[in-house]
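# Geometric and topological summary
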Amino acid sequence: MTPKTALTIAGSDSGGGAGIQADLRTFFANGVHGLVALTAVTVQNSLGVQGFTEIPADVVTAQIKAVASDMGVNAAKTGMLATAEIIRAVAKTLDEVEVGPFVVDPVAASMTGDALLREDALEAIRTELFPRATLITPNLDEVRLLTGVSVVDAASQCAAAEALLEFGSRWVLVKGGHMTGTADCVDLLSDGREYISLSGPRYETENTHGGGDTLASAITASLAKGASVPDAVAAGKKFIERCVAEAYPLGAGVGPVSPFWALGPS
Ligand SMILES: Nc1ncnc2c1ncn2[C@@H]1O[C@H](COP(=O)(O)OP(=O)(O)OP(=O)(O)O)[C@@H](O)[C@H]1O
Ligand SMILES: Cc1ncc(COP(=O)(O)O)c(N)n1
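What you see is a predicted model, and the numbers here were worked out from it, not measured in a lab.

The biggest cluster of nonpolar side chains holds 58 residues, and the ones touching the most others in it are Leu 7, Val 90, Ile 125 and Leu 129. Looking at this core element by element, the count peaks at seven residues for helix α3 (residues 84-96). One finds Val 32, Ala 75, Ala 218 and Leu 223 within the second-largest nonpolar core, a separate group that totals 25 residues.

Written as structure tokens, this is what we have:
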């Protein structure tokens, strides 16, 4: 039987732990066929991002149109978008083709602090993509850059969600992975009416490379299969928890979260 399809519009990680590589392995582990519109090629390993080259914006557009017109897209997500020009091209293309529920992960930098967006491009994500998004999934650094709110507890996480919803997405997930001083990892999902706190154990590991991408693509896979946003996010949270629990060391720096458990016992 033909599986549902999910499209990732994102960059390549030569280390294989984040970017389109994380998205494709997550789509596979969740039983959907992955489609790709590549935005950038990063030179990257466990120690950080040494540089990147972006794909021309018209080629990003052409990739989206090629797969949408022929194969159909049941849900889509964005990761690293690199430049304001690519962001504007993606926004325009989404007005012309149908991609189903649309998840925007506003990736600004790698977890090692290296920029993955050219200057001013985060503003373009906010103005061009958030109003078109079913769900946005910022981490706490991105929340601070976008709203000025520093999330330190449940009240400020709630205030951040409200401020982010002003930018026009239907739902927001304020990820709490970087909140310090909490025994659990708590993510907050809201559409301005419902406030759903998703809490899980915080695992002791240094190896969380690709965690944000893996969560957003697991959510996108569930949306492609027809789940509601709250159900897709709950399933995504369960999926990423297990991937963090089974993360492995690779290289001298930060290793990747692991979806291998989904294949069953080896
Ligand atoms: N140590 C941990 N144990 C369990 N879950 C975690 C841990 N760290 C992060 N998570 C979960 O992983 C998901 C990603 O959260 P995080 O806030 O780290 O996003 P991110 O910064 O975009 O990810 P990354 O930069 O690591 O790719 C969230 O659901 C968060 O709760
Ligand atoms: C191509 C690409 N996309 C996204 C990330 C963010 O992932 P992380 O925050 O885990 O470094 C990355 N490092 N590289």
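The structure having been displayed, the exposition proceeds.
Taking 1.5 Å of rise per residue, the 12 residues of helix α6 (residues 154-165) would be expected to cover 16 Å, and the 17 Å separating its terminal C-alpha atoms lies within 8% of that figure. Among all positions of α6, only Ser 156, Gln 157, Ala 160, Ala 161, Leu 164 and Leu 165 are buried. Check the buried side of α6 and you find it contacts β6 (135-136), α5 (140-147), β7 (171-174) and β8 (184-190).

Spatially, β3-β2-β1-β4-β5-β6-β7-β8-β9 is the arrangement adopted by the nine strands of the open sheet, whose pairing is mixed. Both edges of this open sheet fall to β3 (48-54) and β9 (195-201), since each of them pairs with a single strand only. Looking at chain direction, strand β4 (residues 75-78) and strand β5 (residues 102-104) are connected through three bridges and run parallel. Pairing of Ala 76 across the sheet is with Phe 102, part of β5. Together, β6, β7, β8 and β9 form the strand contacts of helix α8 (residues 229-245), whose direction differs from that of β9 by roughly 15 degrees.

This part takes up the site of ligand 2. Surrounding ligand 2, one finds 13 residues, the nearest of these being Gln 44, Met 111, His 209, Gly 210 and Asp 213. A distance of 3.3 Å is found between an oxygen atom of ligand 2 and a side-chain nitrogen or oxygen belonging to His 209. The contact in question runs from an oxygen atom of ligand 2 to an N or O atom on the backbone of Gly 210, over 2.7 Å. Contact with the protein chains removes 92% of the 360 Å² of surface that ligand 2 exposes when unbound. Mapping ligand 2 onto the cavity grids shows that it belongs to the largest pocket. Elements that contribute at least two residues to the shell around ligand 2 include exactly β1 (5-13) and β2 (33-45). Of the residues that constitute the shell around ligand 2, the class distribution is four nonpolar, eight polar and one charged.

Rules used throughout
Residues numbered from 1 in each chain as written. Chains lettered and ligands numbered in written order. Predicted model: local features only at pLDDT ≥ 70, side-chain atom pairs only at ≥ 80, totals over all residues. Heavy atoms only, no water. Core = buried A, V, L, I, M, F, W, Y, C linked by side-chain atoms within 4.5 Å. Buried < 20%, exposed > 50% of the residue type's maximum accessible area, 1.4 Å probe, protein only. Helix = DSSP H or I, 4+ residues; strand = E, 2+ residues; numbered from the N terminus. Expected span 1.5 Å × (residues − 1). Contact = heavy atoms within 4.5 Å. Pairing = 2+ DSSP bridges. Axes fitted to C-alpha atoms, helices over the stretch in contact; angles between N-to-C directions. Near = heavy atom within 4 Å. Polar contact = N/O pair within 3.5 Å; in protein donor to acceptor, adjacent residues only side chain to side chain. Areas by Shrake-Rupley, 256 points an atom, 1.4 Å probe, with all protein chains shown as cover. 1 Å grid on protein atoms, 1.4 Å probe; cavity = no way out; pocket = protein on both sides within 12 Å on 5 of 7 lines; lining within 4 Å. Sits in = over half its atoms within 2 Å of the grid points. Nonpolar A, V, L, I, M, F, W, Y, C, P; charged D, E, K, R; others polar.

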